[in-house]
Amino acid sequence: MEEHVRPTRRAILLSSILHEPFSVLYPLLPFIFLKDLGASSFQIVLLVMLKPVVALFSFYWSSKVKKRKDLLRTNLLGAGILARVPLLLALFLDNIWLLIIASALYMLFSRAGIPAWMEMLKLNLPSKMREKIFSTGATLGYGVGVVLAIVVGQILDTNISYWKVLYASSLVVGLLAVFIQCAIPINGENHLVEKEKEKLNPWKESFSLMKKRPDFRRFQLGFMAGGFGLMLLQPVMPQFFDEVLHLSYKNLAIAYSVCKGLGFVFTSSVWSAGLTRVSITHLTALVLFGFSLFPLCILFAPISHFWIYVAYILYGIAQAGSHLVWHLSGPIFAKEEDSSTYSGVNIVMVGIRGLIGPPLGGLLACSLGLYFPFFTSIFLCLIGIFLLYFKAPSPIKAEIEA
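Residues numbered from 1 in each chain as written. Predicted model: local features only at pLDDT ≥ 70, side-chain atom pairs only at ≥ 80, totals over all residues. Heavy atoms only, no water.

Participant: Describe the packing of helix 14 (residues 280-299) against helix 15 (residues 306-334), listing the residues and the values that go with them.
Facilitator: One can describe the packing of helix 14 onto helix 15 by two numbers: an axis separation of 8 Å at closest approach and a directional angle of 155 degrees. As judged from the angle between their axes, helix 14 and helix 15 are roughly antiparallel. For the element pair helix 14 and helix 15, the recorded crossing hand is left-handed. Class assignment for the residues of the contact of helix 14 with helix 15 results in 19 nonpolar, six polar and no charged. (Axes fitted to C-alpha atoms, helices over the stretch in contact; angles between N-to-C directions. Helix = DSSP H or I, 4+ residues; strand = E, 2+ residues; numbered from the N terminus. Parallel < 35°, antiparallel > 145°, perpendicular 65-115°, else oblique. Left-handed = near helix turned anticlockwise from the far one by under 90°. Nonpolar A, V, L, I, M, F, W, Y, C, P; charged D, E, K, R; others polar.)

Participant: Describe the nonpolar core, listing the residues and the values that go with them.
Facilitator: It is characteristic of soluble globular proteins that their nonpolar side chains tend to be buried jointly. The biggest cluster of nonpolar side chains holds 111 residues, and the ones touching the most others in it are F33, W117, Y167, F241, F294, I298 and Y312. Counting residues per element, this core draws most heavily on helix 15, at 13 residues. Once you skip the residues sitting within four places of it in the chain, F33 turns out to touch G38, A39, I44, L47, I96, L99 and I100. (Core = buried A, V, L, I, M, F, W, Y, C linked by side-chain atoms within 4.5 Å. Buried < 20%, exposed > 50% of the residue type's maximum accessible area, 1.4 Å probe, protein only. Contact = heavy atoms within 4.5 Å.)

Participant: Requested: an account of the packing of aromatic side chains, with residues and values cited.
Facilitator: Under the definition given, this model contains 19 aromatic pairs. Here the aromatic rings of F219 and F223 are separated by 5.6 Å at their centres, their planes lie at 40 degrees, and the arrangement is tilted. Pair noted here: F219 and F223 are both in helix 11 (residues 214-233), with a separation of four residues, about one helical turn. Relative to Y315, the ring of F291 has its centre 5.1 Å away and its plane inclined at 55 degrees; by these criteria the two rings are tilted. Highlighted residues: F291 in helix 14 and Y315 in helix 15, separated in sequence by 24 residues. Judged by relative accessible area, which is 4%, F291 ranks as buried. Ring-pair connections join several aromatic residues into one group, and the members of that group are F240, F241, F291, F294, Y312, Y315, Y371 and F374. (Phe/Tyr/Trp six-rings, centres within 6.5 Å; stacked < 30°, edge-to-face > 60°.)

Participant: For a positive patch on the surface, give the residues involved together with the corresponding values.
Facilitator: A cluster of like positive charges, contributed by R6, R9, R10 and K132, occupies part of the molecular surface. When residues in the positive patch are grouped by element, the largest group, three residues, is from helix 1 (residues 2-25). By the element assignment, R6 lies in helix 1. (Patch = residues over 30% accessible without salt bridge, like charges linked within 9 Å, V, L, I, M, F, W, Y side chains within 5 Å. Areas by Shrake-Rupley, 256 points an atom, 1.4 Å probe, with all protein chains shown as cover. Salt bridge = Lys/Arg side-chain N within 4 Å of Asp/Glu carboxyl O. Lys, Arg positive; Asp, Glu negative; His and termini not counted. Charge placed at Lys NZ, Arg CZ, Asp CG, Glu CD.)

Participant: Quick one: what's the story with the packing of helix 11 against helix 15, residue by residue and with numbers?
Facilitator: At their nearest, the axes of helix 11 and helix 15 sit 12 Å apart, and the two run at 150 degrees to each other. One way to sum up the angle between helix 11 and helix 15 is to call them roughly antiparallel. Crossing handedness for the pair helix 11 and helix 15: left-handed. Here helix 11 contributes D215, F216, F219, F223 and L230 to the contact with helix 15, which in turn contributes Y315, S322, V325, W326, S329 and F333. Tallied by class, residues from the contact of helix 11 with helix 15 come to eight nonpolar, two polar and one charged.

Participant: Now, about a nonpolar patch on the surface: what can you tell me, with residues and values included?
Facilitator: Together, I352, L355, I356, L360 and L363 make up an exposed nonpolar region whose accessible area comes to about 410 Å². For L360, the location among the structural elements is in helix 16 (residues 340-368). For L360, a relative accessible area of 30% translates into the label partly exposed.

Participant: Kindly report on helix 11, identifying the contributing residues and their values.
Facilitator: Taking 1.5 Å per residue, 20 residues should reach 28 Å; helix 11 reaches 29 Å between its end C-alpha atoms and fits that length. For helix 11, the tally of buried residues reaches 16 of 20 residues, placing the bulk of the element in the interior. (Expected span 1.5 Å × (residues − 1).)

Participant: So what's going on with the confidence of the model for the chain? Which residues, and what values?
Facilitator: When pLDDT is averaged along the chain, the result is 80; 88% of the residues meet or exceed 70. When the criterion is pLDDT under 50, residues 394-402 qualifies, and its contacts beyond four places in sequence or with other chains add up to zero contacts. (pLDDT = per-residue confidence, 0-100.)

Participant: Can you tell me about helix 6 (residues 96-112), naming the residues and giving the values?
Facilitator: Taking 1.5 Å as the rise per residue, helix 6 with 17 residues should run 24 Å; its terminal C-alpha atoms sit 24 Å apart, in good agreement. Buried residues dominate helix 6, accounting for twelve of its 17 residues. Burial in helix 6 covers these residues: I96, L99, I100, A102, S103, A104, Y106, M107, L108, F109, R111 and A112.

Participant: Outline the environment of L221, supporting the account with residue identities and numerical values.
Facilitator: One can find L221 in helix 11. Here L221 falls in the partly exposed class, since its relative accessible area comes to 40%. The spacing of L221 and F386 is 165 residues in sequence and 9.8 Å in space, taken between C-alpha atoms.

Okay, structure coming up:
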C-alpha cells in the first residue's frame, strides 16, 4: 500500500490548498448579488436554497461508482469539470439568472465527486493515517484561506469590479486540483470488475441502509437536525449583516474566512486525535454544541461587532470537527464495505434539509423578524444532540416494561 500512500498524501495536501481560493470566494456570492448586482430577496433565497438542494441530484452521479473501482477516477474528473466550466462561462455573461444556475451546477457536481474521492482515500490509506492526513490537508487549506480572505476583502472593498477575475482565477486553480486528485494510482483499480446486472436504485439502497444500521441512522438524524438549524440562517444572514450590522466586504471576509479559519486551523488536529479516541457519536455531539453557540453569539453582534468574530471563531472550531465527521463518516461506518453509499446518504441529507431549511428561514424572518431564525437554529442544534443518543425501545422490550 506504500506505493499509493505517498501520491495520495501529496494529492490531499495540494488539492486542499488549490481548492481553497474558491472556498473563500463562494460564500461572498449572496452579498455580491445583493449589494452589487441588485438581486431580489427571492433570488438570494433561491441561490441559498439551491446550494444544498442540488445534492439530491448529485446522488445519482455518485451512485454510479458503487463497487466500481474502475470508475472512481472518471467520476471524480467529470464532476470536477462540470462543476467549474459552466460557472466560468457564466461569470462573463452579466446575467444573474445564469449565475444562479451555474452556481447550483457547481454545488451539484462538487458534491457529486465526494463519494468517489472518499472511496479513493479509503482504498489507498489505512484508517488512522487517512484521518490524520485528511485533517492536515484541511488545516493547510484553511490556513491559506485566512491569508486569502484578508487580501480578497481588501480588493473587493477597493474595487468591486475585480470580483469576476478573482472568481475565474480560483475556478481555474480548482480545476488543477481536480487533475492532481485524478492522477493518483488507485489500489485495486486494475482488478477485474463484474458490472452490476441489476439497475442501481440509490434511494432504495439508502433507505435500506438506514433501516439496517440504527447507529448510522441516529448519526444522520442528529446531524440532520443540527444542519437544518444552520440552513435556516443562510437566507437571513446576508440581510442581517447588511441591514443590521452594516458589515463591509473586508469585515465579512475577516469574519467568515479569517476568524473561522483560525478556529479551524488551531483545533483541527484536536478533532483528528479525538476521532481515533472517542466514538463518532460523541464527536458529533460536540460539533452540534459548537454550532449552537454560533447563532447565540450573532444575536449579541448588534451590541458589538466583536461578537461576530467570536461567532465565526466558534463556527470554525465546530466546522473543523464537522469537516472530519461529515467526510469520513462514510468510510468509518462502512468499515470493510463499499463506502460510496454511506457517503451518498450524507449528500442526499444535505439536499433534503436544503429543500426546506432556507425557504423556511426566509419565511420565519419575514413573519416573525430577523432574530427568530437564530433562536430556532440554537434549539435545533440542541435537539440534534438528543437524537444522536436517543434509542427507541424495541417492541418486545417496551411490552415487558409496560
